[in-house]
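Chain by chain, the residues run as shown.
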Amino acid sequence: MAQYTRVSGFVGLITLQNPPVNALSAPVRQGIVDTVQRALSDPEVKSVVICGQNGIFCGGADIKEFGTDMFGPPLIPMIHAIEAANKPVVAAIEGIALGGGLELALGCHYRIAHSKARLGLPEVTLGLLPAAGGSQRLPRLIGVPAALNLITTGRHVTAAEALQLGIVDQVTDHNTVDAAVKFALRVGGQSLDARRISTYPCPQQPDLDALFEDVMQKVRQSARGAIAPVACVQAVRAAATLPYTQGMEREKELMATLFTSGQARALQYCFFAQRAVGRWKMPNGARWDTSKPRPVHKAAVIGLGTMGRGITVALAQTGLSVIAVESQEKQLMEAKQAVSGMLERGAKRRGVAPVLDRISYSQDIQAVADVDLVIEAVFEDMALKTKVFRQLSAVCKPGTLLCTNTSALDVDQLASETPNPELVVGMHFFAPAHVMKLLEVVYGSRSSPEAVATAMQLGKKMGKASVAVGNCRGFVGNRMLKLYLEQASFLLEEGATPELVDGALEEFGFPMGVFRMSDLSGLDVGWRIRKGEGLVEPGMASGQSARIRQGRRYSPLGDLLYEQGRFGLKTSRGWYQYDKPGSRVARSDPWVHSFLEEYRARHGLVARNIDHQEVLERCLYAMINEGFHILEDGIAAGPEDIDVIYVFGFGWPRHRGGPMFYADMVGLAKVMEKLEHYHQAHPDVPYLQPSNLLRKLVASGSPPIHTWGEVIKKLHSQL
Ligand code: NAI
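Residues numbered from 1 in each chain as written. Predicted model: local features only at pLDDT ≥ 70, side-chain atom pairs only at ≥ 80, totals over all residues. Heavy atoms only, no water.

### So, the sheet that holds strand S17 (residues 465-469)
Just so we agree on the cut-off: We call two strands paired when DSSP finds no fewer than two bridges between them. A run of H or I in DSSP becomes a helix once it reaches four residues, and a run of E becomes a strand once it reaches two; helices and strands are each numbered from the N terminus. In this analysis an axis means a line fitted to C-alpha atoms, helices contributing only their contacting stretch, and an angle means the value between N-to-C directions, from 0 to 180 degrees.
Reading across the sheet, the eight strands line up as S12-S11-S10-S13-S14-S15-S16-S17 and stay open at both edges, with mixed pairing between neighbours. Strand pairing shows two members of the sheet lacking a second neighbour, strand S12 (359-362) and S17, which therefore form its edges. Neighbour-to-neighbour, the strand axes of the sheet open up by a mean angle of 25°, direction not taken into account. Two elements, strand S10 (residues 298-302) and strand S13 (residues 373-376), share four bridges in a ladder whose sense is parallel.

Structure below.
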């Protein structure tokens, strides 16, 4: 809807009304068309102001309308009609002008923004481009380089930057609508010839071809297979080289390609999945809307190693007071320095003052007596964690929540060692904890809904994509990752090289293949985990039975490299070689190739040709199959939870939606058939056998992902 009033005698004021962000739904578009018409035909009205109710101009297209049949007046002719008006139209931008909202403002003759407003064309993040003239008007207004930057990244700019770039004409600290009305009165009756952006020539740019070539190369590299950023460059190129009407045709063509690509669907799915995981529920019926979080003002972190430091920074940046406890003096001194450095760098980047005084350090666990919540991040050792939890139960005030940052240990077991198991939950951060966006909140069988709600809310405040998951070894992320890593090692045994496997995965869109990632996190880390699982047996790595452990196929390749002191980046040698410790440039290592040949010869393995397709199917389908097991076990509430975990925590390319969405796109029957094929070829790998849920879904005609919940429910009721 849009409301029309006449103000100050001569100004037609149009107010968009569609809470919460005044999205351009069909009724809003109809409202704009009608009210603009009314203002233009009223002889008393000399100029028009468009604003949004509740201090928000417009958040853009109504995403709920995507994928449905278009009805109501289309956006492009509506914006053209505004631009063609013979009375000045002023956009009064408060809050946000994003996507279609900014395109609407660009169709106006003037733009006035509040100093706190943010503007941008974020369509690219949903796999689209600004296709209501935004890709054609913005370069004409602010020049090609600045427009490329905004359109290909989708980043938001502040009002101050918008003014500097020339997107807005004026910024005010006062009432924006009043300022716009005043402005509109002043410009009423003036010529609009120089105010219609579509008539502007694109500002001249020396060596346009070289500029576009350079930008295209960079965009392709960072897009990792996403096509929307590339289409955005092509659309801006059209603005720079074609007359406006032809540019609009090109914009339309490119948008049509994006719409039908599947990537836009994946990105929009991600957008909704991120919201869906906030509406968490536990198998016992506890849920987000009936569980009240507790206030958390003061928190403690125990153990200031890699994880504890990042968690301390993230908590302090969220505005909490933090008590940081570390038992080793040397570690404590190093942690203090490291935490201060991270806070200072973060503050500098965001242009704010660092919050060093929010943190106090101690070697004594007694210091945490009055905190509301503790996050424990000591070594991954159940006996040690149990000891720390018992101490915490004795020291902390009643009701303090005790959270563990374990990567895989049993949260229930830990909880059972404390007098109040209902206060225990897992808060599984990812390294580096102040940067990585994912948080798995692990509820145990006795965790109270209040404890889960509090951890989820704290995660949200920290800016994390927080996903509530059940308790099992490795939870969701690491449980699936294990099989992905194993398949990659099996492929090496069968004839692949680290380069081939990584190449296939990077081409798929992962920022890093599995072996480069393993070099980065350290081969010693994986070795320690396998040792903890009883898989690493001294002297076994090269014996005849080396390749079968705990009754199924095992690859000792990672252990053998570890035993050679090849820990990855930190020793300059791993699956690749590096010029110096810490260097991230991975180079092929002939030693690894001959090591693999010798290994195969020793075990009587004949190398065969392995292509990218097989790498993807083996690594990804194994992981996806485990995802179905996780859904079947009720560890994740829905496929969205798994997908958000993989997109935010494991570098799964967002334009492919996440592993479960990907399975839906590929076709569940095909995934099942391939798994059956690989299981037949590798009967000693039991997890390649398609899961019950996958079979059930295929038998029910492979329903779309948003309806899997029904099949899961049925499956659970049969158990
Ligand atoms: P770390 O080895 O870097 O740090 C552990 C720190 O805890 C050390 O500084 C140690 O001195 C301190 N500590 C040990 N006992 C203590 C006690 N009783 N009181 C106070 N401090 C004590 O370990 P990291 O990598 O930070 O891991 C910590 C936990 O986080 C582990 O459970 C790990 O599995 C988990 N985790 C690790 C991730 C990683 O990428 N490193 C990712 C996610 C979780």
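### Points about the packing of aromatic side chains
Operational definition: In summary, the pairing rule links any two rings of Phe, Tyr or Trp, Trp by its six-membered ring, whose centres are within 6.5 Å, and it sorts them by plane angle into stacked for under 30 degrees, edge-to-face for over 60 and tilted for everything else. Throughout, exposure labels follow a simple rule: accessible area from a 1.4 Å probe, protein chains only, divided by the maximum for the residue type, with under 20% read as buried, over 50% as exposed, and the rest as partly exposed.
Under the definition given, this model contains 16 aromatic pairs. Geometrically, the ring pair formed by Tyr110 and Phe183 is edge-to-face, given 5.0 Å between the ring centres and 65° between the ring planes. Of this pair, Tyr110 sits in strand S6 (residues 110-114) while Phe183 sits in helix H7 (residues 176-187), placing them 73 residues apart in sequence. A residue is classified by how much of its surface remains accessible, and Tyr110, at 7% relative accessible area, is buried. When the centroid spacing of 5.1 Å and the interplanar angle of 5° are considered together, the rings of Trp591 and Phe595 count as stacked. Here Trp591 pairs with Phe595, and both are found in helix H22 (residues 590-602), just four residues apart, close to one helical turn. Judged by relative accessible area, which is 32%, Trp591 ranks as partly exposed. Of the residues examined, Phe595 reaches a relative accessible area of 10% and is grouped as buried. These aromatic residues form a ring-pair network of at least three members: Tyr484, Phe508, Phe510, Trp652 and Tyr662.

### Digging into the pattern of salt bridges
Which entries qualify depends on this criterion: For this analysis, a salt bridge means a side-chain nitrogen from Lys or Arg found within 4 Å of a carboxyl oxygen belonging to Asp or Glu.
As enumerated under the stated definition, the model contains 36 salt bridges in all. Of the charged contacts, one joins Arg390 and Glu417 as a salt bridge, the two residues approaching to 2.4 Å between their closest N and O atoms. Here the residue Arg390 occupies a position in helix H14 (residues 382-395), and Glu417 occupies one in the loop between helix H15 (411-416) and strand S15 (424-429), the gap between them amounting to 27 residues. According to the relative accessible area criterion, Arg390 is partly exposed, its value standing at 47%.

### Observations concerning the packing of helix H25 (residues 659-666) against helix H26 (residues 668-681)
The criterion, for reference: The labels follow the angle: roughly parallel below 35 degrees, roughly antiparallel above 145, roughly perpendicular from 65 to 115, and oblique for the rest. When checking whether two residues touch, look at their non-hydrogen atoms; a contact exists if any pair is within 4.5 Å.
The N-to-C vectors of H25 and H26 enclose an angle of 100°; their axes lie 5 Å apart at closest approach. Judged on the interaxial angle alone, H26 and H25 are roughly perpendicular. Where H25 approaches H26, its residues Ala663, Asp664 and Val666 are matched on the opposing element by Leu668, Lys670 and Val671.

### Re the UniProt feature "domain: 3-hydroxyacyl-CoA dehydrogenase C-terminal" (unreviewed entry) in the protein chain
To be explicit about the condition: UniProt positions are given in the numbering used here, feature names are shortened, and annotations may be inferred rather than shown by experiment.
Per the UniProt record, "domain: 3-hydroxyacyl-CoA dehydrogenase C-terminal" (unreviewed entry) is found at residues 474-578 and 615-702. Secondary structure content for residues 615-702 is 67% helix and 0% strand, while the C-alpha to C-alpha distance between its ends is 24 Å.

### So, the domain arrangement of the protein chain
What counts, and what does not: What fixes the domain bounds is an automatic or database domain assignment.
Segmentation of the protein chain into domains returns domain 1 (2-259), domain 2 (298-472), domain 3 (496-602) and domain 4 (612-634 + 637-718). Each of domain 1 and domain 2 has a C-alpha centre, and these two points are 44 Å apart.

### Some words on the state of the cysteines
Selection rule: A pair of sulfur atoms, both from cysteines and within 2.5 Å, is called a disulfide here.
Here the structure, examined in full by the defined rule, presents zero disulfides. Here Cys270 stays unpaired: no disulfide links it, and the sulfur of Cys232, its closest cysteine neighbor, is 17 Å away. For Cys396, which is in no disulfide, the shortest distance to another cysteine sulfur is to Cys403 and amounts to 11 Å. Taking relative accessible area as the criterion, Cys396 reaches 11% and is therefore assigned buried.

### Structural notes on the pairing of S10
The test is simple: Orient the strands so they point away from the viewer; a crossover is then right-handed if the path from the first strand over the helix to the second runs clockwise.
The buried count for S10 comes to four of five residues, which makes it a mostly enclosed element. The sheet contact formed by S10 and strand S11 (residues 321-325) spans five bridges and is parallel. In the sheet register, Ile302 faces S11, and the bridge partner there is Val325. In terms of handedness, the path from S10 via helix H12 (residues 306-317) over to S11 forms a crossover that is right-handed.

### Considering the packing of helix H23 (residues 612-632) against helix H24 (residues 639-649)
Counted only if it meets this: Two helices crossing with the near one rotated counterclockwise from the far one by less than a right angle form a left-handed crossing, whereas a clockwise rotation gives a right-handed crossing.
Where H23 meets H24, the closest approach of the two axes is 10 Å, and the angle between their N-to-C directions is 135°. With respect to H24, the element H23 is oriented oblique. For the pair H23 and H24, the crossing hand works out as right-handed. Here Met623, Gly627, Ile630 and Leu631 of H23 lie close against H24, whose contacting residues are Pro639, Ile642 and Tyr646.

### Focus on the site of the ligand
Let me state the cut-off plainly: One heavy atom suffices: a residue is near a molecule or strand as soon as one of its heavy atoms comes within 4 Å of it. Counted as a polar contact is a pair of N or O atoms within 3.5 Å, where, for protein atoms, one must be capable of donating a hydrogen and the other of accepting one, and residues adjacent in sequence contribute only when both atoms are in side chains. For the area figures, the Shrake-Rupley method with a 1.4 Å probe applies, and any residue is considered shielded solely by the protein chains shown. As a working rule, the residues Ala, Val, Leu, Ile, Met, Phe, Trp, Tyr, Cys and Pro are called nonpolar, Asp, Glu, Lys and Arg charged, and the rest polar, with Gly in that last group.
The full set close to the ligand counts 23 residues, and Glu326, Gln331, Glu380, Lys385 and Ser407 are the nearest of them. Val378 is positioned such that a nitrogen or oxygen atom in its backbone is 3.3 Å from an oxygen atom of the ligand. Here Ser407 contributes a side-chain N or O atom positioned 2.5 Å from an oxygen atom of the ligand. Protein burial of the ligand: of its 840 Å² of free accessible surface, 80% is covered by the chains. Counting only elements with at least two residues in the shell around the ligand, the list comes to H12, H14 and S15. Class assignment of the residues belonging to the shell around the ligand gives a composition of ten nonpolar, ten polar and three charged.

### Things to note about the sheet that holds S6
On the basis of which strands lie adjacent, the open sheet formed by six strands has the order S1-S2-S3-S4-S6-S9 and mixed pairing. Since the sheet does not close on itself, it has two edges, and those belong to strand S1 (2-7) and strand S9 (170-172), each with one partner. Each strand of the sheet is rotated relative to its neighbour by a mean of 20°, with strand direction disregarded. Two strands pair when backbone bridges link them, and strand S4 (residues 89-93) and S6 are joined in this way by four bridges, in the parallel orientation. Each bridged residue has a counterpart across the sheet, and for Ala92 the counterpart in S6 is Ile112.

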